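Listed here are the chains, written in short residue letters.
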Amino acid sequence: MFNNSNPALVTGGCGFVGRHLTRRLLKEGYQLWIVDDLSIGLHPDEWLPGNDKRKEIAAGVFEYDDGGVIFVHGDARDFFSSRIDLGTLEEPAFGDVFHFAAVVGGRLTIDGNPLAVAIDLALDALCFNWAVQKTPERLLYASSSAAYPVDLQGEDGAVALKESDIEFGGRLGQPDMTYGWSKLTGEYLARIAHQHYGLHTACVRPFSGYGEEQDLTYPVPSIALRAAKREAPLTVWGSGLQGRDFVHIDDCIEAALRVLAAVNDGSAVNIGSGKLINFREVARLFATLEGYEPEIKPVEDKPVGVHSRYADISHMKEVLDWEPTISIEEGFGRVLRVAHERKAQGL
Ligand SMILES: NC(=O)c1ccc[n+]([C@@H]2O[C@H](COP(=O)([O-])OP(=O)(O)OC[C@H]3O[C@@H](n4cnc5c(N)ncnc54)[C@H](O)[C@@H]3O)[C@@H](O)[C@H]2O)c1
């Protein structure tokens, strides 16, 4: 499953998913390059193992851990266009590439600033153009469950979304805002990169990844913090009856690595738990874990997105011979422990 004889590249490696992946790859003996503009991500000084040994090699280019990790603080669009001065360093022949850099930003950004999200189209187009020239051994593209047709996720008739609900060459449907459109296009480019240029590419469609370190703009950590403060009533956005499929970040990373090893033709695999849980249930679970019984109160004027988005995980199980191992109770318990630390820091 691992391919660590050549350095890996992680774009967006300082973001939520990227930091988890980076730490996992380092454990598995990879050398790494990270490219991140830190628009959202955290500086590696704050989280990278071995961060006490840092050297700046060129403006904005840092070496950590005696060269085990190279961090390029810059825009991935510039990196892919060779517009970043690497000083004395040369770009290596990469083994695995994990393209995670994207404008994501949660529901407020997806609905509130859709053209900012459309920058992802430029990022992805440049990524695949770079990749077919540089021919890394394998490339994983982070798509999203937002690529699925929104008409399968309404109040009436929501279904467990399966990979075949998006048919390139057949029914594509209407993805969720510019975010979903750009992910759908990115998947198409991954297929083209394989079919026309022979590149090993794979796509993942994560559902709602969550975890201890996630930013408070995301619902799970923010509801957890409100529960840790024993807010009563405990609020949820919208009616609270809208549901998602929550999957812990450690399971997401395991699944992503397995997908990269199992798929080479640019096709996509869901990463989900297969369970639909609405936000009232999320709030109730955090309250129960916290040991109190508040009223759960909807805040109707907030953006909520589609009504019900959850995965059919039969293809995932078949292709990966694996399914998520961290139960929602275990995962939310971990998030709640961190929420208490955040509360103690005055957040
Ligand atoms: N977290 C999830 O549940 C989830 C679900 C579906 C898909 N995804 C996808 O996984 C990837 C990672 O998501 P995340 O949750 O870690 O998001 P994130 O916002 O935490 O991370 C994205 C990272 O990309 C960086 N970035 C943004 N634009 C950049 C640019 N032009 N050049 C260089 N770096 C740039 C940001 O600074 C950030 O560190 C994204 O592609 C996202 O669409 C995530």
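See the structure printed just above.
Residues numbered from 1 in each chain as written. Predicted model: local features only at pLDDT ≥ 70, side-chain atom pairs only at ≥ 80, totals over all residues. Heavy atoms only, no water.

Engineer: I would appreciate a short explanation of the packing of aromatic side chains in the present structure.
Structural biologist: Each pair of aromatic rings is reported with the distance of its centres and the angle of its planes. Evaluated as defined, the whole model comprises 17 aromatic pairs. When the centroid spacing of 6.3 Å and the interplanar angle of 55 degrees are considered together, the rings of Trp33 and Phe79 count as tilted. Highlighted residues: Trp33 in strand E2 (residues 32–36) and Phe79 in helix H2 (residues 76–80), separated in sequence by 46 residues. Of the two residues examined, Trp33 and Phe79, each falls in the buried class. Taking the centre distance of 6.0 Å and the plane angle of 70 degrees together, the rings of Phe79 and Phe80 count as edge-to-face. Across this residue pair, the class does not change: Phe79 and Phe80 are buried. Grouping aromatic residues by their ring pairs yields a cluster made of Trp33, Phe79, Phe80, Phe94 and Trp130. It is Arg205 that lies over the ring of Tyr148; its NZ or CZ is 4.9 Å from the centre. (Phe/Tyr/Trp six-rings, centres within 6.5 Å; stacked < 30°, edge-to-face > 60°. Helix = DSSP H or I, 4+ residues; strand = E, 2+ residues; numbered from the N terminus. Buried < 20%, exposed > 50% of the residue type's maximum accessible area, 1.4 Å probe, protein only. Lys NZ or Arg CZ within 6 Å of the ring centre and 35° of its normal.)

Engineer: Just to check I follow, could you spell out the sheet that holds strand E1 (residues 8–11) for this structure?
Structural biologist: Remark on secondary structure: sheet strands pair via backbone hydrogen bonds, oriented parallel or antiparallel. As summarised here, the arrangement of the nine strands in space is E3-E4-E5-E2-E1-E6-E7-E9-E14, forming an open sheet in which the pairing is mixed. Of all the strands in the sheet, just strand E3 (54–58) and strand E14 (265–271) have a single pairing partner and so form its edges. Looking at each pair of strands side by side, their axes are set apart by 20 degrees on average, direction ignored. Sheet analysis places E1 next to strand E6 (residues 96–99), joined by three bridges and oriented parallel. In the sheet register, Thr11 faces E6, and the bridge partner there is His99. Of the strands in this sheet, E1, E6, strand E7 (138–142) and strand E9 (201–206) are in contact with helix H5 (residues 119–134), which crosses E7 at around 175 degrees. (Pairing = 2+ DSSP bridges. Axes fitted to C-alpha atoms, helices over the stretch in contact; angles between N-to-C directions. Contact = heavy atoms within 4.5 Å.)

Engineer: How do you make sense of the site of the ligand when you look at a structure like this?
Structural biologist: For the ligand, the set of nearby residues contains 28 residues, the closest of which are Val17, Asp36, Ala76, Tyr179 and Gly209. Take Ala76: an N or O atom from its main chain is 2.8 Å from a nitrogen atom of the ligand. Interatomic distance of 3.5 Å between a backbone N/O atom of Phe207 and an oxygen atom of the ligand. At the level of elements, helix H1 (16–27), helix H6 (177–197) and strand E10 (208–210) are the ones that each hand at least two residues to the shell around the ligand. Along the lines of polarity and charge, the residues of the shell around the ligand split into 15 nonpolar, nine polar and four charged. (Near = heavy atom within 4 Å. Polar contact = N/O pair within 3.5 Å; in protein donor to acceptor, adjacent residues only side chain to side chain. Nonpolar A, V, L, I, M, F, W, Y, C, P; charged D, E, K, R; others polar.)

Engineer: I would appreciate a short explanation of the pairing of E14 in the present structure.
Structural biologist: On a regular strand, each side chain points to the face opposite its neighbour's, so the side chains alternate between the two faces of the sheet. Counting buried positions along E14 yields six of seven residues, so the element is predominantly enclosed. For E9 and E14, the ladder comprises five bridges, and the chain directions are parallel. Bridge assignment links Cys203 to a residue of E14, and that residue is Ala268.

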